[in-house]
Amino acid sequence: MLQEIKDLQRRAVSELLLKSAKKQELTFRAPTGSGKTYMMADFMNQVLAANSDVVFLVSTLSKGDLAGQNYRSFCKRREEGVFPKLNPYLISTEISGEETLYIPTDYNVYVLPRDLFKKNGRLMAGPMTAFLEQLTRGELFGGQNKRIYLIKDECHQATNNLDEISPKFFNKIFNFSATPNLKRGQMPDVQISDDEAVQAKLIKRVEFGDETDTVEDAIRKYEEIKQQYLSLDINPCLIIQISNKEKAEEEWLRHIKPVLDKTEHQRLKWMLIVDKDKNCDTNDELKKLKVDKWKEYAKLPASTIDVIIFKMVISEGWDIPRACMLYQVRDTKSKQLDEQVMGRVRRNPRLLDFETLNAGQQELATTAWIWGILPQERTKTTQVSLWNDEQIQHKMALKTIRLKSPTERKDFDVETFFENRKSAVAPEDIFTLYRKLQGTETDLQHLCYAYAGESVDKWKEFMMNISALRHQYNQYICNYEESMVVAEKETSFPARSYYLETGNKNSAVKSWVWRKTTNGAFTFDSDAESEWAGILQDVATKYSVRIEPGEFFNEETRYLWGKNFLPNSEIRYEYYADGVHSSYPDFVMKDHKGRIHLFEVKSVNRLSSSTIDSAEYEDKVRHLKDCYRACSKKLEGYIFYLPLLKEDTWQITRFCNGEEDMLTEESFRESLK
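Residues numbered from 1 in each chain as written. Predicted model: local features only at pLDDT ≥ 70, side-chain atom pairs only at ≥ 80, totals over all residues. Heavy atoms only, no water.

A. Quick look at the overall build of the chain. Along its length, the chain carries 21 helices and 32 strands. Long-range contacts, defined here as pairs at least 24 residues apart, represent 69% of the contacts in the chain between residues at least 6 apart. (Helix = DSSP H or I, 4+ residues; strand = E, 2+ residues; numbered from the N terminus. Contact = heavy atoms within 4.5 Å.)

B. Structural context of helix H9 (residues 291–299). Of the positions making up H9, those classed as buried are Val291, Trp294, Ala298 and Lys299. Relative to the axis of H9, the buried residues are bounded by an arc of 130° and lie together on one face. Those residues of H9 that are buried are in contact with helix H3 (66–79), strand E10 (270–273), strand E11 (281–282) and strand E12 (307–310). (Buried < 20%, exposed > 50% of the residue type's maximum accessible area, 1.4 Å probe, protein only. Arc of directions from axis to C-beta.)

C. Highlighting helix H4 (residues 127–136). Three or more residues of H4 are buried, namely Pro127, Met128, Phe131, Leu132 and Leu135. End-on, the buried residues of H4 take up no more than an arc of 130°, which puts them together on one face. Against the buried residues of H4 lie strand E2 (54–60), strand E4 (109–113), strand E5 (147–153), helix H5 (160–169) and strand E6 (170–177).

D. Quick look at the pairing of E2. Most of E2 is tucked away: 7 of the 7 residues are buried. Residues Val54, Phe56, Val58 and Thr60 of E2 are buried on one face, and the alternating residues Val55, Leu57 and Ser59, pointing to the opposite face, are buried as well. Bridging between E2 and E5 involves 6 bridges; their strand directions are parallel. When the sheet's bridge partners are listed, Ser59 is paired in E5 with Lys152. Pairing geometry for E2 and E4, over 5 bridges, is parallel. For Ser59, the partnering residue across the bridge sits in E4 and is Leu112. (Pairing = 2+ DSSP bridges.)

E. Seen up close, the pairing of E5. E5 sits mainly inside the fold: 6 of its 7 residues count as buried. Here E5 runs beside E6; their pairing, made up of 6 bridges, is parallel. For Ile151, the partnering residue across the bridge sits in E6 and is Phe174.

F. A negative patch on the surface, seen in detail. Among the surface-exposed residues, Asp527, Glu531, Glu647 and Asp648 lie close enough to one another that they form a single negatively charged patch. On the secondary structure map, Asp527 appears in helix H19 (residues 527–543). On the basis of relative accessible area, Asp527 is assigned to the exposed category, the value being 56%. (Patch = residues over 30% accessible without salt bridge, like charges linked within 9 Å, V, L, I, M, F, W, Y side chains within 5 Å. Areas by Shrake-Rupley, 256 points an atom, 1.4 Å probe, with all protein chains shown as cover. Salt bridge = Lys/Arg side-chain N within 4 Å of Asp/Glu carboxyl O. Lys, Arg positive; Asp, Glu negative; His and termini not counted. Charge placed at Lys NZ, Arg CZ, Asp CG, Glu CD.)

G. Quick peek at the sheet that holds strand E15 (residues 381–386). Spatially, 3 strands are ordered E18-E15-E20 in an open sheet, and the strand pairing comes out antiparallel. At either margin of the open sheet sits one strand with a lone partner, and together these are strand E18 (496–500) and strand E20 (514–516). The average angle at which neighbouring strand axes cross in this sheet is 35°, direction not considered. When E15 meets E18, the two strands line up antiparallel, connected through 5 bridges. If you follow Thr382 over to E18, its bridge partner there is Tyr499. (Axes fitted to C-alpha atoms, helices over the stretch in contact; angles between N-to-C directions.)

H. Highlighting the nonpolar core. In this structure, Phe462, Trp532, Tyr573, Phe587 and Phe668 are the most contacted members of the largest nonpolar core, which totals 85 residues. Broken down by element, the residue count for this core peaks at 8 residues, all from H19. In this structure, Leu26, Ala30, Ile225 and Val307 belong to the second largest nonpolar core, which totals 71 residues. (Core = buried A, V, L, I, M, F, W, Y, C linked by side-chain atoms within 4.5 Å.)

I. Summary view of the state of the cysteines. Across all of its chains, the model carries 0 disulfides by this definition. For Cys324, which is in no disulfide, the shortest distance to another cysteine sulfur is to Cys237 and amounts to 7.0 Å. Cys627 forms no disulfide, and the closest cysteine sulfur to it belongs to Cys631, at a distance of 3.8 Å. (Disulfide = S-S within 2.5 Å.)

J. A look at the pattern of salt bridges. The final tally for this structure, using the stated rule, is 38 salt bridges. The residue Arg11 makes a salt bridge to Glu196 at a minimum N-O spacing of 2.9 Å. Of the two residues, Arg11 is situated in helix H1 (residues 3–20) and Glu196 in helix H6 (residues 194–199); the sequence distance between them amounts to 185 residues.

K. Just the packing of aromatic side chains, in detail. This structure, assessed with the given rule, holds 32 aromatic pairs. Geometrically, the ring pair formed by Tyr110 and Phe131 is edge-to-face, given 4.7 Å between the ring centres and 65° between the ring planes. Remark: Phe131 occurs in helix H4 and Tyr110 occurs in strand E4; sequence separation between them is 21 residues. Aromatic ring contacts, followed pair by pair, group Phe493, Tyr499, Trp512, Trp514, Phe522, Phe524, Trp561, Phe565 and Phe587 into a single cluster. (Phe/Tyr/Trp six-rings, centres within 6.5 Å; stacked < 30°, edge-to-face > 60°.)

L. Up close: the environment of Asp281. Within the secondary structure, Asp281 sits in strand E11. Remark: the alpha-carbon pair of Asp281 and Met271, spanning 10 residues in sequence, is separated by 5.8 Å. Ignoring anything within four residues of it in the chain, the contact list for Asp281 reads Trp270, Met271, Leu272, Lys287 and Trp294.

Given below as structure tokens:
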């Protein structure tokens, strides 16, 4: 797994721990496929390690066996030694008629399928209240004097019965969801944004299909992608979403089945699931099995089902990482695409070994194709594309920097390193060593596997010397003269991208490489970024490479500069800061002398009005400076900048040929002449 993914998840959990000390109820938002259950387990493990008197009650949806999935995930992490403080129990009402329902009190994580706790249910009849009272009652009264923290998984779904007893039993409440219900006050206190998750390769970026594309267009695209997916050892699938049960037959018979019945598509395997066991059909041998078995088979990476046709809601509790396409059958009454539904096709199917894939495979594993009506929240998303992608990408062919992994080192041999070291006097047990491995940098994990192979003894030897190896690794990776190399393949702006609309507009920005699908000014992530874009717009018209009007645009001259929109971007420069990270400069410009200028905009004005830790911010800037200084030395003709806005004045740090100097806005403009 990429180090950036681990860092992103750890940051979110750390922030949740920090804020939980100050608030009684918090909401955590992370996109579907970003490891929400893993982060939940990490959070609980850390709380339990510090507070043995805490018990967690995890309320989750009953449908799709989501509660069972969570329970098994918690058990697995405990057994692997990753989160050893977890002691999970799955609450169930499956007892014989004469038995009394009883919930044991010697666990610390209880997973509750939400629908079990309902009126006239066995839990509501008394056992749940008795269980909670036993946990919270003082020791003098025969209780355990525990504090109960309630986690509402998929909190956008109502939990009215639990809400009624919350004041009496629950000390803290934590809401987890990809789509918190803002109308219920579930404003995210901690969140991983979609852009952050996409940038870290945690979830797939989205390519939205054309509004005029038909079901057959989507199926043709699927068959094209299916051939490419063979290199991932995964059979992909296309999900087709129909409106509802009432319109299912009409949409199936009119729009979908005639296409699948065509000769050129008859080899595709499909299944139609409209209800739990009604209005279901398939052209696969699965027809002999119960519908529940169809769903389980469809999730497998090697499943031969190509097309899955579902009714409108296919949201929580059904994970199918091999799904990479979603098509919504349109009619005038169709609902908008739900974020939960879109999340079904955004999981990275090769998350755990992503770094072993080549560039083409990585691109494939992190791309989802979606046709449909965007949800209301997505109206803030603006699609952008290059005015002429081939011409611009050719003119703006960029070199990037990557860090070599330890396995690429020619001057370091692990076996020789171990020969000169003494064995540990009191070696740690294998479970402790495994936990250490899970917390080790991704590069060192790969070095471990490369060295040990199938040998347990070599694996233990490696892990018992991990501290010394980490010291060697840090010395190597932080020596950019040795570890930095120019990436083999040049890159450029992607042909298409998107950004989230903000209030930071700049109507002056017009003649750059981008065009968008909506009218109005481009917006930017911050006031500082918007202001710097205005400066670049002005200097670009004087000093940047001109792209004359022609076949693809004819209203005005364009200039070779633009925002490095994160979705789909490969314009990045790797550096090390307790793990390998990537810097994606905010703007790129090519001047009339052929020089490449890259800008990462910062502002200290932001710090006074945000929760950003100033020490952490300064540390990141320091690492960026080290990165840009080294990159500018490796890449002739590339100039890196850190423009910093302080009050209303720009302080611009420039890196050229490995040298660092300071510029004002005026001297920056002069330097481009």
